[in-house]
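Chain by chain, the residues run as shown.
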Amino acid sequence: MLIAILSDIHANKEAFDACMAHARRQGAERFVFLGDMIGYGADPGYVVDEVARHVAKGAVAILGNHDAAITEGTGGMNAYARAAIEWTEGRLGAEQKAFLAGLPLSAEIDDALFVHSEASQPQHWIYVTSAHEAERSLVTTQKHVTFVGHVHRPQLYHMAPGKPAVCFIPSPGVGIPLARSRRWLAVLGSVGQPRDEVPSAAYTIYDSSRGAIVFHRAPYDIETAAGKIKAAGLPAILSARLFLGR
């Protein structure tokens, strides 16, 4: 089964739609949304409604820290993130907020684990930015592959028995077989706010039958997405950084 995995959409309608269309062209049969549907962008209601619609049809959605902030508060967030959540809170209805509040911290499909931040303490929103965090996550689960987001920069870690975790940066569009002799942790890029200096939206397709993944990039209408953020009166950096991918 081809599973399209989208993380950190961040209320970016244009990027979300581009990734969904791209994934369908690749033959995606199921969707997983890895958290942070909201925050930063100007279309939170649209994204929440679309994710909820897909969940009703069998998709999986995971709680992200920006999603949780709607009900749990913005403690620990920087000023830009807080401003976006405060703006977003007033633009979501009760049903949309309830949907976000009901999302799980993790989910499993066969031999894959899905979590927004990492597996050892998903409620603490730890960033996987080195082999140290990756290894801590990998030893927590016996699943063959773990998918996380949160960092906004694509990375892939693998760990053989008795050896430390190793990282490499995947190339877009290149299939990567996940050897059964190792365990794997895939850090997805961001759909709605990439931070790896590539402005195109990022998502991943996992072939659960073959045990392989492909990291994809999808160009989208950045001008429109950025213009909406400006028009909403959100912090200017949230629109400017879309053009830079950082």
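For the structure, see preceding data.
Residues numbered from 1 in each chain as written. Predicted model: local features only at pLDDT ≥ 70, side-chain atom pairs only at ≥ 80, totals over all residues. Heavy atoms only, no water.

## With respect to the environment of Ala-21
Next up, step 1: When you line up the elements, Ala-21 lands in helix H1 (residues 13–25).
Next up, step 2: A residue is classified by how much of its surface remains accessible, and Ala-21, at 29% relative accessible area, is partly exposed.
Next up, step 3: Distance in space between the C-alpha atoms of Ala-21 and Ala-218 is 9.1 Å, their sequence separation being 197 residues. (Helix = DSSP H or I, 4+ residues; strand = E, 2+ residues; numbered from the N terminus. Buried < 20%, exposed > 50% of the residue type's maximum accessible area, 1.4 Å probe, protein only.)

## Regarding the sheet that holds strand S3 (residues 60–61)
In a beta sheet, neighbouring strands are held together by backbone hydrogen bonds and run either parallel or antiparallel to one another.
Next up, step 1: Here we have six strands laid out as an open sheet, ordered S3-S2-S1-S11-S12-S9, and mixed in their pairing. Every other strand in the sheet has two partners, leaving S3 and strand S9 (175–177) as the edge strands with one partner each.
Next up, step 2: Relative to strand S11 (residues 201–207), H1 is tilted by about 30°, and along the sheet it contacts strand S1 (2–6), strand S2 (30–33), S11 and strand S12 (212–218). (Pairing = 2+ DSSP bridges. Contact = heavy atoms within 4.5 Å. Axes fitted to C-alpha atoms, helices over the stretch in contact; angles between N-to-C directions.)

## Quick look at H1
Since one α-helical turn is 3.6 residues long, residues separated by three or four positions face the same way.
Next up, step 1: Look at H1: 18 Å from first C-alpha to last across 13 residues, which is about the 18 Å you get at 1.5 Å a residue.
Next up, step 2: Turning to H1, its buried residues are Glu-14, Ala-15, Phe-16, Ala-18, Cys-19, Met-20, His-22 and Ala-23.
Next up, step 3: Taken together, the buried residues of H1 touch S1, S2, helix H2 (44–56), S11, S12 and helix H7 (222–231).
Next up, step 4: Where H1 begins, the side chain of Asn-12 points an oxygen toward the backbone nitrogen of Glu-14, at a separation of 3.3 Å.
Next up, step 5: Gly-27 lies just past H1 and shows a positive phi near 95°. (Expected span 1.5 Å × (residues − 1). Polar contact = N/O pair within 3.5 Å; in protein donor to acceptor, adjacent residues only side chain to side chain.)

## What about the layout of surface pockets?
Next up, step 1: Of the volumes computed, that of the largest pocket is approximately 310 Å³.
Next up, step 2: Forming the walls of the largest pocket are 19 residues, and the residues nearest its centre are Asn-65, His-66, Gly-76, Met-77 and Tyr-127.
Next up, step 3: Secondary-structure elements contributing two or more residues to the lining of the largest pocket are helix H3 (65–72) and strand S6 (145–152).
Next up, step 4: Per-element accounting of the lining of the largest pocket gives the leading share, five residues, to H3.
Next up, step 5: Residues that form the lining of the largest pocket fall into these classes: seven nonpolar, nine polar and three charged. (1 Å grid on protein atoms, 1.4 Å probe; cavity = no way out; pocket = protein on both sides within 12 Å on 5 of 7 lines; lining within 4 Å. Points joined across faces, edges and corners; volume = space filled by probe spheres on them. Nonpolar A, V, L, I, M, F, W, Y, C, P; charged D, E, K, R; others polar.)

In short, shape yes, function no, at least from these values alone.
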